[in-house]
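Each chain, letter by letter, is given below.
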Amino acid sequence: MMIPAHDEIRHVYDISSMVVLAIDTDGVITYANAAAGRYLHLEGAGLRGQSVFNFFNDRSIGEPSKKALLALNALSDQEFAVHSVPGWERWVLISSQIHRDEQGQVQTYLFIRDISALKKKENLFFYLNKAVEKLTKARDTNGALEQIAQFIVPQFANWFTIDLLKDDKLEPLLLKHEDPAKIEWAQEYRAHFPSDLNSDTGAAKVLKTGEPSFIPVVTQDMSAALIS
């Protein structure tokens, strides 16, 4: 039985916008507020009874933060990765507090903040620094471009291409994907459907205006329009 004051704390967490979970001494989730359900795409009942480590992964060498939680040591802004769909990484900072009820049973409350945007910037700067280091050692332009492609794919993008405008045509200079079969498919696709430089979209628009173009989502309708 939780003491009443403990239940009152949970009532506060129920309406908090911060993700809050409680786990027992085995790391099993015993409580999840509404924000946790929304963040992990599960209702509270779906979270309870599962190991918290099914959702959050300590990627540090030796998993010191995971071991600290199980040893009932409080955490302060420790970094965990969120188990998510492939290719979509999320990161959180987890702080914790230990609560004991009047019978001595222990509950550890986890206070979770998403830092995915900051982590992405951190990784970007890390890879840019590595890229600069590698580029200074590149002996030719093609080697330099290959180094850039290796840092971009798959860390920041699924695809990376560089085209060269020559004789009013776009010639592919570099095409990168982590799956060789998809590179072969893309090369065949481009051979059958070359870029139309008279178009007002895509690469043609960039060449005409000199302005970069950003398309966050490519739909089937957009693809069909390009090849129609």
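Rules used in this analysis
- Residues numbered from 1 in each chain as written.
- Predicted model: local features only at pLDDT ≥ 70, side-chain atom pairs only at ≥ 80, totals over all residues.
- Heavy atoms only, no water.
- Phe/Tyr/Trp six-rings, centres within 6.5 Å; stacked < 30°, edge-to-face > 60°.
- Lys NZ or Arg CZ within 6 Å of the ring centre and 35° of its normal.
- Helix = DSSP H or I, 4+ residues; strand = E, 2+ residues; numbered from the N terminus.
- Buried < 20%, exposed > 50% of the residue type's maximum accessible area, 1.4 Å probe, protein only.
- Pairing = 2+ DSSP bridges.
- Core = buried A, V, L, I, M, F, W, Y, C linked by side-chain atoms within 4.5 Å.
- Contact = heavy atoms within 4.5 Å.
- Patch = residues over 30% accessible without salt bridge, like charges linked within 9 Å, V, L, I, M, F, W, Y side chains within 5 Å.
- Areas by Shrake-Rupley, 256 points an atom, 1.4 Å probe, with all protein chains shown as cover.
- Salt bridge = Lys/Arg side-chain N within 4 Å of Asp/Glu carboxyl O.
- Axes fitted to C-alpha atoms, helices over the stretch in contact; angles between N-to-C directions.
- Parallel < 35°, antiparallel > 145°, perpendicular 65-115°, else oblique.
- Left-handed = near helix turned anticlockwise from the far one by under 90°.
- Nonpolar A, V, L, I, M, F, W, Y, C, P; charged D, E, K, R; others polar.

1. Some details on the packing of aromatic side chains
And step 1. All told, the structure shown has five aromatic pairs when counted by the stated rule.
And step 2. Each ring, one from Tyr 189 and one from Phe 193, has its centre 5.1 Å from the other, and the planes form 45°; the classification is tilted.
And step 3. Among the aromatic residues, those joined into a ring-pair cluster are Tyr 13, Tyr 31, Tyr 109 and Phe 111.
And step 4. Stacked on the ring of Phe 53, the Lys or Arg Lys 66 has its end atom at 4.8 Å from the ring centre.

2. Concerning unusual backbone geometry
Peptide bonds are trans in most cases, and residues, glycine excluded, mostly fall at negative phi.
And step 1. A positive phi angle, close to 55°, is found at Asp 167, a residue other than glycine.
And step 2. You can see Asp 167 is positioned in the loop between β7 (160–166) and β8 (169–176).
And step 3. Positive phi, normally seen in glycine, also occurs at Asp 168, with a value near 60°.
And step 4. Under the relative-accessibility criterion, Asp 168 is labelled exposed at 68%.

3. A closer look at the pairing of β7
And step 1. Note: β7 against β8, seven bridges, orientation antiparallel. What sits directly across from Phe 160, in β8, is Lys 176.
And step 2. Joining the antiparallel neighbours β7 and β8 is a turn of two residues, in which Asp 167 adopts a positive phi near 55°.

4. Description of the nonpolar core
And step 1. Counting residues in each nonpolar core, the largest one holds 23 residues, and the members touching the most others are Leu 21 and Phe 56.
And step 2. Every element with two or more residues in this core is listed here: β1 (19–23), β2 (29–32), α2 (34–40), α4 (64–70), β4 (78–82), β5 (90–100) and β6 (106–114).
And step 3. Ranked by the residues each element gives to this core, the list is headed by α2, at four residues.
And step 4. For Leu 21, the contacting residues outside a window of four places in its chain are Ile 29, Tyr 31, Ala 32, Ala 36, Leu 47, Val 52, Phe 56, Thr 108, Tyr 109, Leu 110 and Ile 112.

5. Examining a nonpolar patch on the surface
And step 1. Taken together, the side chains of Leu 124, Phe 125, Leu 128 and Phe 156 define a hydrophobic patch exposed on the protein surface, amounting to about 360 Å² of accessible area.
And step 2. Following the sequence through the fold, Leu 124 ends up in helix α5 (residues 116–135).

6. Topic: the pairing of β6
And step 1. Judged by how many residues are buried, β6 sits mostly within the fold: seven of nine residues are covered.
And step 2. With nine bridges connecting them, β5 and β6 associate as antiparallel partners. Bridging across to β6, His 99 finds its partner in Gln 107.
And step 3. Where β5 folds back onto β6 in an antiparallel hairpin, the turn is made up of five residues, including Gly 104, whose phi is positive at roughly 90°.

7. A closer look at the packing of α5 against helix α6 (residues 141–152)
And step 1. Packing of α5 against α6 leaves a shortest axis separation of 10 Å and a crossing angle of 160°. In this view, α5 runs roughly antiparallel relative to α6, as classed from their interaxial angle. Here α5 and α6 pass one another in a crossing that is right-handed. For the pair α5 and α6, the contacting residues are Tyr 127, Lys 130, Ala 131, Lys 134 and Leu 135 in the first and Ala 144, Gln 147, Ile 148 and Phe 151 in the second.
And step 2. Taken together, the residues that form the contact of α5 with α6 break down as six nonpolar, one polar and two charged.

8. With respect to the pattern of salt bridges
Oppositely charged side chains may form a pair once their charged atoms are brought near each other.
And step 1. Counting across every chain of the model gives six salt bridges.
And step 2. With its nearest N and O atoms 2.5 Å apart, the salt bridge here joins Arg 113 to Asp 77. In this pair, Arg 113 sits in strand β6 while Asp 77 sits in the loop between α4 and β4, placing the two residues 36 residues apart along the sequence.
And step 3. Residue Glu 122 is joined to Lys 119 by a salt bridge in which the shortest nitrogen-to-oxygen separation is 3.3 Å. Within this pair, Glu 122 and its partner Lys 119 are both found in helix α5, separated by three residues, close to a single helical turn.
And step 4. Taken together, the shared-partner salt bridges connect Glu 79, Lys 119 and Glu 122 into one network.

9. Concerning the sheet that holds β2
And step 1. With antiparallel pairing, the six strands of this open sheet are ordered in space as β2-β1-β6-β5-β4-β3. Where the open sheet ends on each side, the last strands, each with one partner, are β2 and β3 (56–57).
And step 2. Across the face of the sheet, α5 comes into contact with β4, β5 and β6 while running at roughly 130° to β5.

10. A look at the side chain of Thr 108
And step 1. One can find Thr 108 in strand β6.
And step 2. Beyond its immediate stretch of four places on either side in the chain, Thr 108 contacts Leu 21, Ala 22, Ile 23, Leu 69, Leu 72, Ser 96, Gln 97 and Ile 98.

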